[in-house]
Amino acid sequence: MNVPFLDLKTQYKSIKDEIDAEIGKVLENTAFAGGPFVKAFEKDFAEYCNVKHAIGCGSGTEALWIILLAMGVGPGDEVITTPNTFIATAEAITFVGATPVFVDVVEPSYSMDPTVLEAAITNKTRAIIPVHIFGQVCDMDPIMDIADRYGLKVIEDACQAHGAEYKGKRAGSIGDAAAFSFYPGKNLGAFGEGGGITTNDDELAAWMHMFLNHGQEKKYYHEIIGWNGRLDGIQGAVLKVKLGHLDKWNELRRSHAARYRALLLDVKDLSLPVEEDYSSHVYHIFAVRCKERDELLAYLNENGIGAGIHYPVPVHLQSAYSELGYSEGSFPVAEQSASEFISLPMFPDMTDEQIERVVSVVKKFYAERYATV
Ligand SMILES: *Cc1c(COP(=O)(O)O)cnc(C)c1O
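Computed from a predicted structure; not experimentally measured.

What counts, and at which threshold
- Residues numbered from 1 in each chain as written.
- Predicted model: local features only at pLDDT ≥ 70, side-chain atom pairs only at ≥ 80, totals over all residues.
- Heavy atoms only, no water.
- Helix = DSSP H or I, 4+ residues; strand = E, 2+ residues; numbered from the N terminus.
- Expected span 1.5 Å × (residues − 1).
- Bend = angle between axes of the 7 residues up to and from the residue.
- Polar contact = N/O pair within 3.5 Å; in protein donor to acceptor, adjacent residues only side chain to side chain.
- Pairing = 2+ DSSP bridges.
- Axes fitted to C-alpha atoms, helices over the stretch in contact; angles between N-to-C directions.
- Contact = heavy atoms within 4.5 Å.
- Salt bridge = Lys/Arg side-chain N within 4 Å of Asp/Glu carboxyl O.
- Buried < 20%, exposed > 50% of the residue type's maximum accessible area, 1.4 Å probe, protein only.

## Describing helix H9 (residues 233–264)
Thought 1: For H9, built from 32 residues, the straight-helix expectation of 46 Å at 1.5 Å per residue is met to within 8% by its first-to-last C-alpha distance of 43 Å.
Thought 2: By the largest-angle criterion, His245 marks the main kink of H9, which is about 50°.
Thought 3: One side-chain oxygen of the residue at the start of H9 lies 3.2 Å from the amide nitrogen of Ile234, identifying that residue as Asp232.

In structure tokens:
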């Protein structure tokens, strides 16, 4: 039995009638760019995240970029984030003209280490972007405290954390603003590219809304030099339908994680993801850690298990960022974990048999390995 890394087709089939009907309405209304379907989704998403404003845009990358622009972050400024993230977090910082400054992550959450944050702040620092990696919100209280003390903005990279919680607060409702990705494989995924911004700041929201629509409030009267970053109508309709299922899907992910954990507990070579007391994890990624990562990954893939790596090279060591001058050894936790992480299949529609199949292949790998040493 093969087990894919994720299965979007089964999910689509489970909500096909609802989705097809909503897409049909967009077609009937020819409401393709922005418009009422996007507005309706934005209203629901704001409510879901417990914030005043949600704004759809083209992608998670664009969301991060627009938030930084709206905050006036630009050339000469520094923005602090972590290196074990998808490169988009750093790209957004670079594309407003600012410099990404990295701090290491902390085990076992692999998210921003608040104890090293303060040492990275300089008189050029303007903002901090904690990344809710794998679907678990960072330890936000100490980060918010430090940001308050230094007058810095906090932007949550919530691209992997739709519906996750920190001390009962939803991801996206804690910092000054947050970026979400609706890339198809994310916990809340569109049928194409899409992104979203959440904030409680009225002024910031108004500026971003205008910016994303060519800087106009009234058609062809442009107040600021803007951009076309609108979410399209079909994505708005799809996302609104899927948002109605998100809590159930996240609960399923959590129960699959619990099942993996119970079944893998006795594999002493694996370290399993830990859910912090402060958090409700939504397991966008179920990443385990092991020394023999490359061998295990190859074995899983050879046996039809769609395992992957998130991410093989931390951002500070990517060729694209060689100009920043970081070298190996800069961030030991991020670097060591990048060489040991392996992401097991995880999606809401996984069956018990699929989970058991993944576990049995993992166990077989170790059994064979120990038999030969
Ligand atoms: C997916 C992702 C992004 C980028 O989102 P896109 O919609 O693909 O542009 C940014 N940050 C993190 C942590 C992500 O996982």
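## Let's talk about the sheet that holds strand S10 (residues 177–181)
Thought 1: Spatial ordering of the open sheet is given by S1-S11-S10-S7-S6-S2-S3, a layout of seven strands whose pairing is mixed. For this open sheet the edge positions go to strand S1 (53–57) and strand S3 (99–102), each flanked by a neighbour on one side alone. Across the sheet, the mean angle separating the axes of adjacent strands is 25° when strand polarity is ignored.
Thought 2: Pairing analysis gives three bridges linking strand S2 (residues 78–81) to strand S6 (residues 125–128), with the strands arranged parallel. Each bridged residue has a counterpart across the sheet, and for Glu78 the counterpart in S6 is Thr125.
Thought 3: Contacts between helix H3 (residues 36–49) and the sheet are confined to S1, S10 and strand S11 (195–199), with S1 contributing the most and set at about 130° to the helix.

## With respect to unusual backbone geometry
Of all residues except glycine, most have a negative phi; of all peptide bonds, most are trans.
Thought 1: Cis geometry is found at the peptide bond from Glu107 to Pro108, where omega equals 0°.
Thought 2: Within the secondary structure layout, Pro108 lies in the loop between strand S4 (105–106) and strand S5 (111–112).
Thought 3: Look at the link from His310 to Tyr311: it is a cis peptide, with omega at 0°.
Thought 4: Of note, Tyr311 is situated in the loop between helix H10 (293–302) and helix H11 (332–338).

## Remarks on the pattern of salt bridges
Thought 1: Tallying each qualifying case throughout the model produces 20 salt bridges.
Thought 2: The partner of Asp202 in a salt bridge is Lys52, with the nearest N and O atoms 3.0 Å apart. Of the two residues, Asp202 sits in helix H8 (residues 202–211) while Lys52 sits in the loop between H3 and S1, which places them 150 residues apart along the sequence.
Thought 3: Under the relative-accessibility criterion, Lys52 is labelled exposed at 52%.
Thought 4: Across the pair Lys167 and Asp141 runs a salt bridge whose closest N-O atoms are separated by 2.6 Å. With a gap of 26 residues between them, Lys167 in the loop between strand S8 (165–166) and strand S9 (169–170) and Asp141 in helix H7 (residues 140–150) connect regions that are remote in the sequence.
Thought 5: Residue classification places Asp141 among the partly exposed residues on the basis of a relative accessible area of 29%.
Thought 6: It is possible to trace a salt-bridge network through shared partners that takes in Glu107, Arg289, Lys291 and Glu340.

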